Amino acid sequence: MIDLRQQAWRGPQGRLGRLGAVLRLSAVVVLGALVVGCGTIGLPEGGRPDPDVPRARLTSPPPPARGEEREHARILASYGGAYSDVALQAYIETTIERLVAASERPDLRYRLTILNSPSVNAFALPSGSLYVTRGLLALANDRAELASVLAHEMAHVVARHAVAREEQVRQAAIVSKVISDVLQDPQLGALSMARSKLSIASFSRQQELEADVIGVATSARAGFDPYGASRFLSSLARHGALRDQALGSDRAVSDTVDFLSSHPSAPDRLSIAITNARQFAGPGDAGERDRDGYLARIDGLTYGDDPSEGYVRGRRFIHPKLGFTLIAPDGFSLENTAQAVLGASLGGREALRLDAARMGGTDDLSGYLSSGWIEGVETASVEVLNLNGFEAATAVARGKEWSFRLYAIRFGSEVYRLIFAARALTPDIDRQFQTAAQTFRRVSLEEADRLRPLRLKIVTVGPGETADSFADRMAQLDRPVERFVVLNGLDRAKPLQAGQKVKTVVE
């Protein structure tokens, strides 16, 4: 499908009103920040922690290093700030303590921040600042899965991967500059830099695999089930596939094209993770999982979009703070990203994007549509109109493979840009786009006050209950059965067992 996420608009920098700072849901599920093992390092007999190893503590952790204070602030701004849950924070910190005590560097201390983002991500700064999103916590199903993520990120710190990568980048830049300046050969310098990038990408993949090895071993040594890494990676892959299907994108193609990706492919890492875990325990003789305890800690966790950043409810996007709503055409799925609201039909042949920008030097909406904001605008199609009290203009644009129905909507001092795209913009599809645009309207205070964020609710399965029956009771989510199954790491072909605990999503 067309990638409306990366569309290079030639107008002002795209942002949805204050949503440049407000819509922070990450559009991309980042595989590389997560876990899975590929080898083994030595452990005590049975993979259990050595009682003689001193236990590191997280009390009074060091602040970010001086050069990382700005990075810490940037991370908070990019991921919706910190998510406050005292009990959950303490539970994760206790997990980290066990991992640190079982690690190669029990003297290190870490600072944990739970990020208020529904994206599935985790990462660490060289100083030992660990970050995990609530989206990742929602996807994990037990403490061992969480431990595998944390151990992987801690491994990057222990192995000083960031420092090593920075040194390799610096050396590559020096070599390229010497070739260009000293040998007076810019083309050879460019070739050297291109080869260096390939080398750095390979180096980064090796770092990820090394972190996998260390992470799985550390988790096993700390007494956690080493198969947590493979379970979580499996859920992560299914989560990404579900999202890509909903937005009509082809990750297989993008993965093939992105040969500079710094992370090994998910199927390879899953296979390696299982092989690595077998070095420590058989599937029936693994360590602690603590599924019930973990689920109890995430009961009530905010799920999906943050209340202050707008909601996706089925085909509807509503932003109470900014005071507007839009309903996508039938068959569309929506995603609220850091740059824009994105949507696509199930087959990926139609898509939409809603963002915002300053108009610049013109107050003429029809002129704005023709100003080069997007190429191929048919000037004869430009029309001024009123959308539920908003001054607006619309036009059609034609590209080589895609055609567009564009809207520029005046909203205070900014212009909201609504782009519908279709492989074939037939009159019927164009009418559907125009009908959807007519749903753009203000939200009343009463309507905004009635909205509630989605949250996880942990429930116990009763006799005869199925994934379908739980999906029917869940809040407004697209493809609810598939989401329920993926969220709980379940096998769709296996029936639910009475008495087991599962995650549901409620308003």
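Definitions and cut-offs
Residues numbered from 1 in each chain as written. Predicted model: local features only at pLDDT ≥ 70, side-chain atom pairs only at ≥ 80, totals over all residues. Heavy atoms only, no water. UniProt positions renumbered as here; feature names shortened; annotations may be inferred. Pairing = 2+ DSSP bridges. Helix = DSSP H or I, 4+ residues; strand = E, 2+ residues; numbered from the N terminus. Axes fitted to C-alpha atoms, helices over the stretch in contact; angles between N-to-C directions. Contact = heavy atoms within 4.5 Å. Core = buried A, V, L, I, M, F, W, Y, C linked by side-chain atoms within 4.5 Å. Buried < 20%, exposed > 50% of the residue type's maximum accessible area, 1.4 Å probe, protein only. Domains from an automatic or database assignment. Salt bridge = Lys/Arg side-chain N within 4 Å of Asp/Glu carboxyl O.

As named in an unreviewed UniProt entry, the protein is Putative Zn-dependent protease, taken from Blastochloris viridis. Check the Cofactor (unreviewed entry) section of the UniProt entry for the protein; it says "Zn(2+)".

Further remarks concern the sheet that holds strand β9 (residues 341–345). The strand order across the open sheet formed by seven strands is β8-β9-β10-β14-β13-β12-β11, and the pairing between neighbours is antiparallel. Two strands bound the open sheet, and with one partner strand each, they are β8 (332–336) and β11 (383–387). Strand-to-strand twist of the sheet, defined as the mean angle between neighbouring strand axes without regard to direction, takes the value 20°. Where β11 and strand β12 (residues 390–398) come together, five bridges link them in antiparallel fashion. Its bridge partner being in β12, leucine 385 is matched across the sheet by alanine 392. Of the strands in this sheet, β8, β10 (350–358), β11, β13 (403–411) and β14 (414–422) are in contact with helix α13 (residues 427–437), which crosses β14 at around 155°.

Turning our eyes to something else, we now look at the nonpolar core. Ranked by size, the top nonpolar core spans 59 residues in total, and within it Ile92, Ile96, Leu137, Phe484 and Val505 carry the most contacts. Of the residues forming this core, the biggest block, eight residues, is contributed by helix α5 (residues 143–158). In this structure, this core is formed jointly by two domains, domain 1 (66–302) and domain 3 (455–506), each of which donates at least three residues.

Once that is clear, we can look at the sheet that holds strand β3 (residues 129–133). Two modes of strand pairing occur in sheets, parallel and antiparallel, and in both the strands are linked by backbone hydrogen bonds. One open sheet holds the three strands; their spatial order is β1-β3-β2, and the pairing between them is mixed. Strand pairing shows two members of the sheet lacking a second neighbour, β1 (111–115) and β2 (122–124), which therefore form its edges. Put simply, the sheet's adjacent strands are angled 15° from each other on average, direction ignored. By the bridge criterion, three bridges tie β2 to β3 in an arrangement that is antiparallel. The residue of β3 that forms the bridge with alanine 124 is leucine 130. Contacts from helix α2 (residues 69–78) reach β1, β2 and β3 within the one sheet, and its direction differs from that of β1 by about 25°. This element, α5, spans β2 and β3 of the sheet and lies at about 25° to β2.

It is worth spelling out the pattern of salt bridges at this point. Note that side chains of opposite charge can pair when their charged atoms are close. The full count for this structure, using the stated rule, is 22 salt bridges. In this structure, aspartate 225 engages arginine 231 in a salt bridge whose closest nitrogen and oxygen atoms are separated by 2.7 Å. Accessibility expressed as a relative area gives 3% for aspartate 225, which makes it buried. A salt bridge links aspartate 468 to arginine 492, with the nearest nitrogen and oxygen atoms 3.2 Å apart. Taken together, the residues span a long stretch of sequence, with aspartate 468 in helix α15 (residues 467–473) and arginine 492 in the loop between α16 (480–487) and β17 (501–506) at a distance of 24 residues. Aspartate 468 sits in the partly exposed class, given a relative accessible area of 34%. By relative accessible area, arginine 492 is classed as partly exposed at 46%. Several salt bridges converge on common partners, so that one network encompasses Asp142, Glu145, Asp225, Arg231 and Arg289.

So, about the pairing of β12. Where burial is concerned, most of β12 is hidden: seven out of the nine residues are buried. Taking the residues between adjacent antiparallel strands as the criterion, β11 and β12 are bridged by two residues, where asparagine 388 takes a positive phi near 50°. One ladder, built from seven bridges, connects β12 with β13; its direction is antiparallel. For alanine 395, the partnering residue across the bridge sits in β13 and is leucine 406. Hairpin connection from β12 to β13: four residues lie between these consecutive antiparallel strands.

Now for unusual backbone geometry. For aspartate 290, which is not a glycine, the phi torsion comes out positive at approximately 55°. With respect to the helices and strands, the residue aspartate 290 is situated in the loop between α10 (266–277) and α11 (291–298). Non-glycine residue asparagine 388 carries a positive phi angle of around 50°. Turning to its location among the elements, asparagine 388 is positioned in the loop between β11 and β12. Note on asparagine 388: relative accessible area 41%, which makes it partly exposed.

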